[in-house]
Amino acid sequence: MKILLLLLMAASVCPSEVIDLTYQYRNQPGMIYWPSWLPWNTTTVMKGNTDQGVYVEGNVFSTAEHGGTHMDAQRHIVPGGKSIHDIPLDYVIGDGVMVDVSSKIGNNLDYRVSIEDIKEWEKKHGRVPENAIFLLNTGFHRYWPNKEKYLGTDNASNADTFHFPGLQDSTATWLATVRKIKLYGVDLISIDHGQSKKLTVHQIFLRQNLGAIENVANLDAMPPTGTKVYAIPMNIYDGTGAPTRLFAIPNDAATHLTRATSVVGVLIFLILYSL
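Our subject in this report is the structure included herewith.

## Details of the environment of G166
Assignment of secondary structure puts G166 in strand 8 (residues 166-167). On the basis of relative accessibility, which here comes to 3%, the residue G166 falls in the buried class.

Right, dumping it as structure tokens:
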């Protein structure tokens, strides 16, 4: 009974408040890719016992860099720009801001988020801090993996028919140069709106060496502020983009976790001592 009580105490101080913002990579039809990109494919190459009787299982996978929850490197748009492997880890970790504009979009699939929309959010939640990781919640993550709804079209193989929201160009410039965010993420297949032809938001952000994350998942679970966001891309040499494990930890949970580590160590000692 004493050991059981100690285990329950240990469990009570271990927070499980990590917010996963990443889609699973899986074979079709479980994912959505831009029509010209190679979709994810997993193939089993070994599953069974070796000649020595040891069980081994392994897969190979293939995918475009730009699919699922992923990060765009500067090189994706800027000739000679920085690649994924050039991005330092401290650049992809920062204070999280989640701005929910889903109610403004409504049935207007081509909605363009304005500076005033962001300032309206700031009146409730405070100024967007410098070097923030800024996540825009359009509500479109709720459609994943329904291609037609997520892309706003009846023809998911034709990008010219796509209709989904995005930022006004002036809003992108303002976020990059006035609020000085360091990463921008959105729950859409592109940081540009669906009918964009010149990828102007890509141009604005990536030329400023400001990272971009597309296909962000689960944003309804994110609080507006008070989180630390981790956007860890696969370290691909010369990559123009990379699959990214994106998650957030509420600040109070991070403090709790630090304290819990010490407490759990003491409890483990007491459990071992009581045996």
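## Some words on the nonpolar core
L21, F134, L136, L167, Y184, F205 and M222 are the most contacted members of the largest nonpolar core, which totals 65 residues. If we ignore the near neighbours within four places in the chain, the residues touching L136 are V99, V101, V113, L167, Y184, G185, V186, D187 and L219.

## Focus on the pairing of strand 5 (residues 93-100)
Relative to strand 11 (residues 227-233), strand 5 runs antiparallel, the two being bridged by four bridges. By the bridge assignment for strand 11, D95 is matched with K228. Judged from the five bridges that link them, strand 5 and strand 7 (residues 133-137) form a sheet pairing that is parallel. Looking across to strand 7, one finds that V97 is bridged to F134.

## So, the environment of S103
Counting through the fold element by element, S103 comes out in helix 2 (residues 102-105). Between the alpha carbons of S103 and G139 there is a distance of 8.4 Å; along the sequence they are 36 residues apart.

## What about helix 5 (residues 169-177)?
Burial in helix 5 covers these residues: T171, A172, W174, L175 and A176. Buried residues belonging to helix 5 abut strand 6 (112-113), helix 3 (115-125), strand 7, strand 8 and helix 6 (200-207).

## Quick word on the packing of aromatic side chains
Within this structure, the stated rule accounts for ten aromatic pairs. Plain terms: the ring middles of Y23 and W144 are 3.8 Å apart, the flat faces sit at 10° to each other, and that makes the pair stacked. With a gap of 121 residues between them, Y23 in the loop between strand 1 (19-20) and strand 2 (41-49) and W144 in the loop between strand 7 and helix 4 (147-151) connect regions that are remote in the sequence. The exposure class of W144 is buried, given its relative accessible area of 14%. Ring centres 6.0 Å apart and planes at 20° place the aromatic pair F134 and Y184 in the stacked group. Taken together, the residues span a long stretch of sequence, with F134 in strand 7 and Y184 in strand 9 (residues 183-186) at a distance of 50 residues. For F134, a relative accessible area of 0% translates into the label buried. Three or more aromatic residues joined by ring pairs make a cluster, and in this case those are Y23, W144 and Y150.

Calculation rules
- Here the residue index of a chain counts from 1 through its sequence in written order.
- The predicted nature of this model means local features are confined to residues of pLDDT at least 70 and side-chain atom pairs, given and counted, to a pLDDT of 80 or more, with totals for whole chains, interfaces and linings taken over all residues.
- Side-chain measures were taken over the full set of non-hydrogen atoms in the model, leaving aside hydrogen atoms and water.
- Segments assigned H or I by DSSP are reported as helices when at least four residues long, segments assigned E as strands when at least two residues long, and all are numbered from the N terminus.
- With a 1.4 Å probe rolled over the protein chains alone, any residue whose accessible area is under 20% of its type maximum counts as buried; one over 50% counts as exposed, and the rest are partly exposed.
- Only buried residues count toward a nonpolar core. Its members are Ala, Val, Leu, Ile, Met, Phe, Trp, Tyr and Cys residues joined through side-chain atoms within 4.5 Å.
- Contacts were defined at the residue level, with two residues in contact if any of their heavy atoms lie within 4.5 Å.
- Here, strands pair whenever DSSP counts at least two bridges between them.
- To pair, rings of Phe, Tyr and Trp, with the six-membered ring standing in for Trp, must have centres within 6.5 Å; the planes then decide the type, stacked if under 30 degrees apart, edge-to-face if over 60, and tilted in the middle.

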